[in-house]
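# Working through the structure, step by step
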Amino acid sequence: MTSWLRRRDHNIFTNATSLMVCGLLAGVVVAAAAFPAAAMTGLAAKAGGQTFANLPSELKEFSSPQISRIYASDGRTQLSQFYDEFRSDVPLKDISKNMQAAILAAEDRKFYDHNGVDLKGVARAFVGNSQGGAQQGASTLTMQYVRMSLAYSATNPQEVVDATEDSAKRKITEMKYALQVEKQLTKDQILERYLNTAPFGAQAYGVFAASQVYFNKKPKDLSIAESAMLAGMVKAPTSYNPTTPAGHKEITARRDNYIIPGMVTMGAITQAQADEAKKEKVPTKVKQIGNGCTSVAKNYWGFFCDYFYRWWMQQPAFGSTEYDRERRLKSGGYRVVTTIDLKGQAAARTEIAKRQKDESQNAVLLAGIEPATGKVRLLAANRKYKLDDPDNPQNKISSDPKKAAKKIRGTHPNTTNPLLSGGGDINGYQAGSVFKIFTIIAGLEAGYPLGYTIKTEAQYESKYKTSPSDSSACRGTSQWCPKNSGKGVGVFTMWSAFAKSINTYFVPLEERAGADKVVAVAKRFGVQFRAGNDKDMADNPEKAKGWGAFTLGVSSSTPLDMANAYATLAGDGMYCQPTPVENITTKDGEKLEIGKPHCIRATTKDVARAALDAARCPVGDSAQMGACNGSTAGPTKGIVGHPVFGKSGTTDNDKTASLIAGTTKLVVAGYMANPDYAEHRDRMSHDIINPAVQHTLKEYMKGKPKQQFKKPGSTKIAYGDQRSIPNVECDSLGAARAKLESAGFEVSIGSEVDSKCPKGTAAGTNPSGRTIKNGAVIIEVSNGKNEKPETPEGGPQPPGPGRGNGN
C-alpha cells in the first residue's frame, strides 16, 4: 500500500477525537477569552453544546448532475449529449493515482489522518481570520464535499445560499455533517465522490469531464503534471483558467510551486518525477465539448436529434413541466439508444444532396418510419442543422415578400426549425393526392369495395360549396367543381383511380363515404392538423362534412405525419405513435419503458390490407387482387426491387410535390416545398423528389429479404357483391338504360365505338360481364361501322358473339 494512502479505523481513539471536536465546538473552538470579541458573533456565541447537538447531521440523498448520452440504433455511435454540467461519474479505480495524490496535495494533505475536521486548522483559521490577516478556510476535503452535497441537494435557492455563504454558521454545520460522513463512508468513498463532484472550470465538473476538456483523455491516463494542474484549479477555476494569460501564469505557479512539491512531501512521487513533471507545458487551449443537437457528431443527424429532444420535452414521465423535463435530460445521466438508422440516414442525405443544394429556398424533406412500431429511422433535408450567425449570416433574405420587406432572413441553408416533424412555427405543407388514401379507407369502412366503379368526367360538379369567385367553382355557381389534371374520363375502380390519381373519382367517393368520415380516418392515422383553420375544420364534424377538397390534400401535413399514416397500412391497421427511442437506461442501470412502441388499432386488418393493395398501383407494382391500368410513379418498383406501395402528390401549380413509398420494413415520405413561403411561384419537380425517395428506400432495403404484403382475409372487400350486367347489345339507348337501371346499376351513356349493331344503338357496356352491385355501367354507343347486312328471311343465321358483353 502506498505510504501516503494511510487508512484509519473507527476505533475508540476515533470516537474520542469526535468527542473532542464536539467539545471544542461547544466552547467555540477554545475558550472565548482566547479570542478577541470580534470572533464572538451572535451565531458563534450560540454555538454551545446544545446548539451543536441540534444541528442536522444526516446529508440529504442527492445526485450530482450527470451527462445524458444519445446513441444511434446500433447502441455504439454517439449522436450527441445533453448536460447542465459536463460531468460523468467514474469509480476511484478508474482515476489515476497521480490525480488522487494531486487533489490531496492541493486541498487536504492530512485527509487520511483526521475524522472530517482538522482541529489545528480550525483553531488556526479562527485566530488568523479574527486578527484581520489573510482569510483561511480550514475546510477539509470532507467538509468541501459536504458543502457541494448541500448545494446539490438544495430544493430552493435559499438552501443553495445557506450551503455556500461565508459564515460561521455554515462552517459549523459543515463540521457536524463532516463528522457524520466520516462515520458512514470510507476515505476512498469520500475521495471518489469529491473527485466526481468538484468544479474544474470550462464547464467541466468532476474529474472525467476535466480530463476530457483539458487533455482529451480518460482520468486513469492522467500524468503527474496534468493531475497537478487539474487539482490546482478546484480552489478557484476562474482565477486559475489556463486559457487566459493571467490564469495560465497563476496555475503554472500553483502547480509547480505548491502541488507538485506537496506530492513529493506526501511521498506520492519522487523528486526526480517532480522535476520531470514541471517540464510539461500547461495547455492554453481546451477541447470544445458539444452540448445538444447543434453539436451532433455529424450535422445531418441534427434534425433527428431535434425530433428526439422535442419528443422528450413532451413526455410527462420526465416531469410535470417542460422545465422539469429539460432538467432531467440535462442532469439525469441517461443512456438513450435512439431509432435512427445510420445507413438509411446517410443514404437520405446523399440522395437529397445529389439533387438539391442546401442554398436553395426549396426544401427536399425525407422522413422514414418503420411499420408496426412507429420507430423513426431517418429525417433528412437539404439544410444545415444550425443557428444562422447573426453577426455573419449565411441565410438568404426570406422568399416571403412581407418578411423580405423587413429584411428578415429565410431558413436556407441554416435552420433549427422542425421542418420534417412540425412544431413551433412549422404547421406543415399541402401534399396533394397522397391524401386520397384516406378516402379509400373511409370508403372501404363504409362498405364500398376496391372494385367499386364510378363513371368519371373531366370535371365533376360536386355537392360541396365554394366561393363563386373560386377558380374551382362551376361557372356562375357556388358549386365546387374539381377537375382532373389529365382527362381521366371513364369507369374507374379504387385500384385504377388511385393508380392514375383521378380527382373526379375520389370526390364522389368522398361524398358517398362522408367527408367527415374521411377526415376522421386521417386523424386516426396520425395527421396532426397543426394549422389553425385545418384544426378548426377537423375538430368540428359538421364543418368537416363540407370539406370536399380534403381528399385532394389541401390540409397541411409533415413528411413524418404521412410516412406514419402509410406505415399504418403496412402495420395491418395498427397506428403506432412515432418514437425516436429504442431504449432508455438510467445512470443506475434501470431500463425505462418510456418510448417503447405504443400502438392502437386505426382500422381493421382487412381494410388496411385492401387499401394497401390499391396503393401498390401508383408506384408501379401489381395489385394482388385487381387491375391497376396505370401509375403515377411507375419506376419506384423497379428501383427499390421489393414489393412496394405508395402514392405521389402535387398541389395546384406544383407548389409542392410529394412521393410516399414503402415496403414491409420502411415507409419513406418525401416532400418538396418552400418552408418560408407557401405561395411562391416555383414549380416543384417530381424529377427531384421521386428519385430521392426511391433511391433512399432502395439503399435501406439492400440486403433485406423480399417480403410480400398480406391479402385481406375475405375477397368481398375487394370485389363486393358482384352482379351480372344484363345483355343490352343492339338495344335502343332508352331500352338499354332502363334494363341496366332496373338491375340496380348507375348508368351513363358513353362514346361511340365500332360495332355490328345499328348506328345509335347500344354496342355493349363498360365494364362487361359482372361488376359491383350499384356500380357504374357505361353504355357504349355503336357507330354502325361494322354493321352487317340483314340475312334473307329463312336463310341461315351465322354464329355471333356472346351477347351482352360488348367489345
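Details of the structure are given in the entry above.
Residues numbered from 1 in each chain as written. Predicted model: local features only at pLDDT ≥ 70, side-chain atom pairs only at ≥ 80, totals over all residues. Heavy atoms only, no water.

### Describing the pattern of salt bridges
Our working definition: Should a side-chain nitrogen of Lys or Arg be within 4 Å of a carboxyl oxygen of Asp or Glu, the pair is scored as a salt bridge. Relative accessibility under 20% of the residue-type maximum defines a buried residue, over 50% an exposed one, and the middle range a partly exposed one, all with a 1.4 Å probe and only protein chains included.
One pass over the structure, following the stated rule, counts 38 salt bridges. A salt bridge links Lys 535 to Asp 539; its shortest N-O distance comes to 3.0 Å. Its relative accessible area of 43% is what places Lys 535 among the partly exposed residues. Residue Asp 539 is classed as partly exposed on the basis of its relative accessible area of 41%. In this structure, Asp 536 engages Lys 543 in a salt bridge whose closest nitrogen and oxygen atoms are separated by 2.6 Å. Taking the relative accessible area as the measure of exposure, Lys 543 reaches 37% and is therefore partly exposed.

### Let's talk about the packing of aromatic side chains
For clarity, the threshold we go by: Centre distance within 6.5 Å is the pairing criterion for rings of Phe, Tyr and Trp, where only the six-membered ring of Trp is used; planes under 30 degrees apart are then read as stacked, over 60 as edge-to-face, and the remainder as tilted. Secondary structure elements follow DSSP: runs of H or I of four or more residues count as helices, runs of E of two or more count as strands, with numbering from the N terminus. A positively charged side chain is recorded as over a ring if its NZ (Lys) or CZ (Arg) lies within 6 Å of the ring centre. The angle to the ring normal must also be within 35 degrees.
With the rule as written, the count across this model stands at 25 aromatic pairs. A ring pair is formed by Tyr 505 and Phe 506, whose centres lie 5.3 Å apart and whose planes are at 70°; its orientation type is edge-to-face. Ring geometry for Tyr 566 and Phe 645: centres 6.3 Å apart, planes at 25°, overall stacked. Of this pair, Tyr 566 sits in helix 24 (residues 559-570) while Phe 645 sits in strand 16 (residues 645-650), and the two are 79 residues apart along the sequence. The same class applies to Tyr 566 and to Phe 645, which are both buried. An aromatic cluster is present here, built from Phe 82, Phe 308, Tyr 309, Trp 311, Trp 312, Phe 318 and Tyr 334 joined pairwise through their rings. The cationic tip of Arg 335 hangs over the ring face of Tyr 71; the distance from NZ or CZ to the ring centre is 4.4 Å. Directly above the ring of Tyr 700 sits Lys 704, whose terminal nitrogen or CZ lies 4.3 Å from the centroid.

### A word on the state of the cysteines
Condition: Whenever a pair of cysteine sulfur atoms sits within 2.5 Å, that pair is classed as a disulfide.
Enumeration according to the criterion identifies five disulfides in this entry. Note that Cys 576 is cross-linked by a disulfide to Cys 599, the S-S spacing being 2.0 Å. The disulfide joining Cys 576 to Cys 599 has a torsion of about 105° about its S-S bond and is therefore right-handed. Note that Cys 576 is positioned in strand 12 (residues 574-576) and Cys 599 in strand 15 (residues 599-601), a separation of 23 residues in sequence. Each sulfur in the disulfide pair Cys 617 and Cys 628 lies 2.1 Å from the other. Its S-S torsion of about -70° marks the bond between Cys 617 and Cys 628 as left-handed, since a negative value means left-handed. With Cys 617 in the loop between helix 25 (605-615) and helix 26 (635-640) and Cys 628 in the loop between helix 25 and helix 26, the pair connects residues that are 11 residues apart, well separated along the chain. Taken in sequence order, the bonded cysteines of the chain link in the pattern 1-2, 3-4, 5-6, 7-8, 9-10.

### Structural notes on the environment of Ser 685
Operational definition: A contact between two residues is defined here by any heavy atoms of the two lying within 4.5 Å. Any pair of nitrogen or oxygen atoms within 3.5 Å is treated as a polar contact; in protein, a donor-acceptor pairing is required on top of that, and neighbouring residues in sequence qualify only through side-chain atoms on both sides.
Tracing the backbone through its elements, the reader meets Ser 685 in the loop between strand 18 (667-673) and helix 27 (686-701). Put simply, Ser 685 and Ala 657 are 28 residues apart on the chain and 6.4 Å apart in space, counted from C-alpha to C-alpha. Not counting the four nearest positions on each side in its chain, Ser 685 is found in contact with Ala 657 and Met 672. Among the polar contacts made by the side chain of Ser 685, one reaches the main-chain amide nitrogen of Asp 687 at a distance of 2.9 Å.

### Focus on the nonpolar core
As a reminder, the rule being used: Residue types Ala, Val, Leu, Ile, Met, Phe, Trp, Tyr and Cys, when buried and joined through side-chain atoms within 4.5 Å, form a set referred to as a nonpolar core.
In this structure, Trp 312, Ile 437, Phe 438, Tyr 505 and Met 562 are the most contacted members of the largest nonpolar core, which totals 101 residues. With 62 residues, the next largest nonpolar core counts Phe 86, Leu 92, Leu 191 and Ile 269 among its residues.

### Focus: the packing of helix 4 (residues 97-107) against helix 11 (residues 224-233)
Quick reminder of the rule: The angle between two axes is taken between their N-to-C directions and runs from 0 to 180 degrees, where each axis is a line fitted to C-alpha atoms and a helix contributes only its stretch in contact. Oblique is the label for every angle not falling under 35 degrees (roughly parallel), over 145 degrees (roughly antiparallel), or within 65 to 115 degrees (roughly perpendicular). In this scheme the crossing of two helices becomes right-handed for a clockwise turn of the near helix relative to the far one and left-handed for an anticlockwise turn of less than a right angle.
Orientation of helix 4 relative to helix 11, taken along the N-to-C sense of each, is 40°, at an axis distance of 8 Å. With respect to helix 11, the element helix 4 is oriented oblique. Of the two elements, helix 4 crosses helix 11, and the hand of that crossing is right-handed. Contact residues: Asn 98, Met 99, Ala 102, Ile 103, Ala 106 and Glu 107 in helix 4; Ile 224, Ser 227, Ala 228, Leu 230 and Ala 231 in helix 11.

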